[in-house]
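Reading the structure
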Amino acid sequence: MTQSATLGSPVSDQNLQIQELAIVLGAQNFKPTLLNPDALTVAGIIPSGWELARQPVVTPQVAQLSFKNGVNFLAQGNVLTLSEGIRPGQDLQIPGIAQQYMSKMENAGYRTVGISPKVLIGFPGGTEDTARQFIVEQLIAPGPWREVGTKPMQAKVEFSYPLDRCFLNLSIVEARIAQQDKPTIPALLFNSNFTYNLPADTPPQALQIAQQRITAWMEDWKFFQEVVQQRFLSQLGQSQSIFR
């Protein structure tokens, strides 16, 4: 059996440790073709001064808008995801944008709202297999299922936690951070979603509950921090918080 690797300390360099928040809206009457920058501007959902980072993608199945300020819209079927990187000293814009969108599009028939934090943590002091070995050696029980094939197994682990207010789904997967003119850095990606179901028979109440959950996004973000830091990264002997 391969021995567990000694993990290096999570990086503190802002370019190597990446945090992101996404807000996920599930609606019965939403179509990707409805998502375009002109419509968002005219409706007052986004300011007129926002510049696109690249050409929009709009098809009957998928629509994607990426802005230079780091805000992204992704529509797939009946699901709209707004995401934004978390940068020190800057307020997040997507909670307000999501609430504005729901207020303007109140007849979309909202069914779910999700608060989805994620963090990518690099380990420059570890070996090439550092992240993989953390998942395989520390999160998966030993057994013959780990000895299949001709190369070391790779794995993605998923957890579903029933909370008083909702379900928390959390996945952990091996990743790598690319550096210009330098070797890639082993990393762990923690991706989560706090999923709230909304009452289908009372649209005004559904809208109100969704707005409240978006307003309280920091509650879920802090809980995510605690789970990652205290339940998982504590296994690495890392006492200082890696979250900014």
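See the structure above.
Below is a summary of the structure that appears in this document.

1. Observations concerning the sheet that holds strand 2 (residues 57–58)
Strand order across the open sheet formed by 9 strands is 2-3-4-5-1-6-9-8-7, with antiparallel pairing between neighbours. If you trace the sheet from one side to the other, it starts and ends with strand 2 and strand 7 (156–162), each paired once. Across 5 bridges, the pairing between strand 3 (residues 62–66) and strand 4 (residues 71–76) is antiparallel. Opposite Val62, over in strand 4, you have Gln76 as the bridge partner.

2. Thoughts on helix 5 (residues 217–232)
Along its 16 residues, helix 5 runs 22 Å from first to last C-alpha, staying within 8% of the 22 Å computed at 1.5 Å per residue. The complete set of buried residues in helix 5 reads Trp217, Asp220, Trp221, Phe224, Gln225, Val227, Val228, Gln229 and Phe232.

3. A short note on the nonpolar core
Leu25, Phe73, Leu80, Tyr110 and Phe190 are the most contacted members of the largest nonpolar core, which totals 60 residues. Top contributing element to this core by residue count: helix 5, with 6 residues. Aside from chain neighbours lying at most four places away, what touches Phe73 is Leu35, Leu40, Ile46, Trp50, Ala63, Gln64, Leu65, Phe67, Leu80, Thr81, Leu82 and Ile97.

4. Here we look at the packing of aromatic side chains
Under the defined criterion, the tally for this structure stands at 8 aromatic pairs. Among the aromatic residues, those joined into a ring-pair cluster are Phe159, Tyr161, Phe190 and Phe232. In this arrangement the basic side chain of Arg165 is found over the ring face of Phe223, its NZ or CZ atom lying 5.4 Å from the centre.

5. So, the packing of helix 4 (residues 203–215) against helix 5
Running from amino to carboxyl end, helix 4 crosses helix 5 at an angle of 50°, the nearest separation of the two axes being 4 Å. By the angle class used here, helix 4 and helix 5 are oblique. Along the contact surface, helix 4 presents Arg213, Ile214 and Thr215, while helix 5 presents Trp217, Glu219 and Asp220. Of the residues contributing to the contact of helix 4 with helix 5, the split by class is 2 nonpolar, 1 polar and 3 charged.

6. So, the packing of helix 2 (residues 94–104) against helix 4
For any two helices packed against each other, one specifies the inter-axial angle together with the distance between the axes. At a closest axis distance of 9 Å, the pairing of helix 2 and helix 4 adopts a crossing angle of 170°. Taken as axis vectors, helix 2 and helix 4 run roughly antiparallel relative to one another. When helix 2 is examined against helix 4, the residues Pro95, Ala98, Gln99, Met102 and Ser103 are found in contact with a partner set consisting of Leu207, Ala210, Gln211, Ile214 and Thr215. Partitioning the contact of helix 2 with helix 4 into residue classes produces 6 nonpolar, 4 polar and no charged.

7. Quick notes on the pattern of salt bridges
Using the criterion set out here, one finds 7 salt bridges in the structure. Ionic pairing is found between Arg132 and Asp129, a salt bridge with its closest N-O pair at 3.9 Å. Residue class for Arg132 comes out buried when judged on its relative accessible area of 7%. With relative accessibility at 31%, the residue Asp129 sits in the partly exposed group. A single network of salt bridges, built from pairs that share partners, joins Arg165, Arg213, Glu219 and Asp220.

8. Focus on the environment of Ile86
By the secondary structure assignment, Ile86 is in the loop between strand 5 (79–85) and helix 2. In sequence terms Ile86 and Pro117 are 31 residues apart; their C-alpha atoms lie 9.8 Å from each other.

How each quantity is defined
Every residue gets a number counted from 1 within its own chain, in the order that chain's sequence is written. The model is predicted, so local features are restricted to residues of pLDDT at least 70 and side-chain atom pairs to those at 80 or more, both for listing and for counting; the totals for chains, interfaces and linings are taken over all residues. For side-chain calculations, the full set of non-hydrogen atoms in the structure is used, while hydrogens and water are omitted. One requirement defines pairing of two strands: DSSP has to find at least two bridges between them. Comment: elements are numbered from the N terminus, with helices defined as DSSP H or I runs of at least four residues and strands as E runs of at least two. Here the expected span of a helix is defined as 1.5 Å times the quantity of residues minus one. Three labels apply to residues, based on accessible area from a 1.4 Å probe with only protein chains included: buried if under 20% of the type maximum, exposed if over 50%, partly exposed otherwise in between. We define the nonpolar core as a collection of buried residues of types Ala, Val, Leu, Ile, Met, Phe, Trp, Tyr and Cys that are connected through side-chain atoms lying within 4.5 Å of one another. Contact between two residues is taken to exist if any of their heavy atoms lie within 4.5 Å; hydrogens are not considered. Pairing of aromatic side chains requires ring centres within 6.5 Å, counting the rings of Phe and Tyr and the six-membered ring of Trp. Pairs whose planes differ by under 30 degrees are stacked, by over 60 edge-to-face, and all others tilted. Put simply, a charge is over a ring when the Lys NZ or the Arg CZ is close to the ring centre, within 6 Å, and near the line of the ring normal, within 35 degrees. Lines fitted to the C-alpha atoms define the axes, with helices restricted to the stretch that makes contact. Angles between their N-to-C directions range from 0 to 180 degrees. Orientation categories follow fixed angle ranges, with anything under 35 degrees roughly parallel, anything over 145 roughly antiparallel, 65 to 115 roughly perpendicular, and all other angles oblique. Any residue outside Ala, Val, Leu, Ile, Met, Phe, Trp, Tyr, Cys, Pro, Asp, Glu, Lys and Arg is labelled polar, Gly included; the first ten of those are nonpolar and the last four are charged. Take a side-chain nitrogen of Lys or Arg and a carboxyl oxygen of Asp or Glu: if they are within 4 Å of each other, that pair is a salt bridge.

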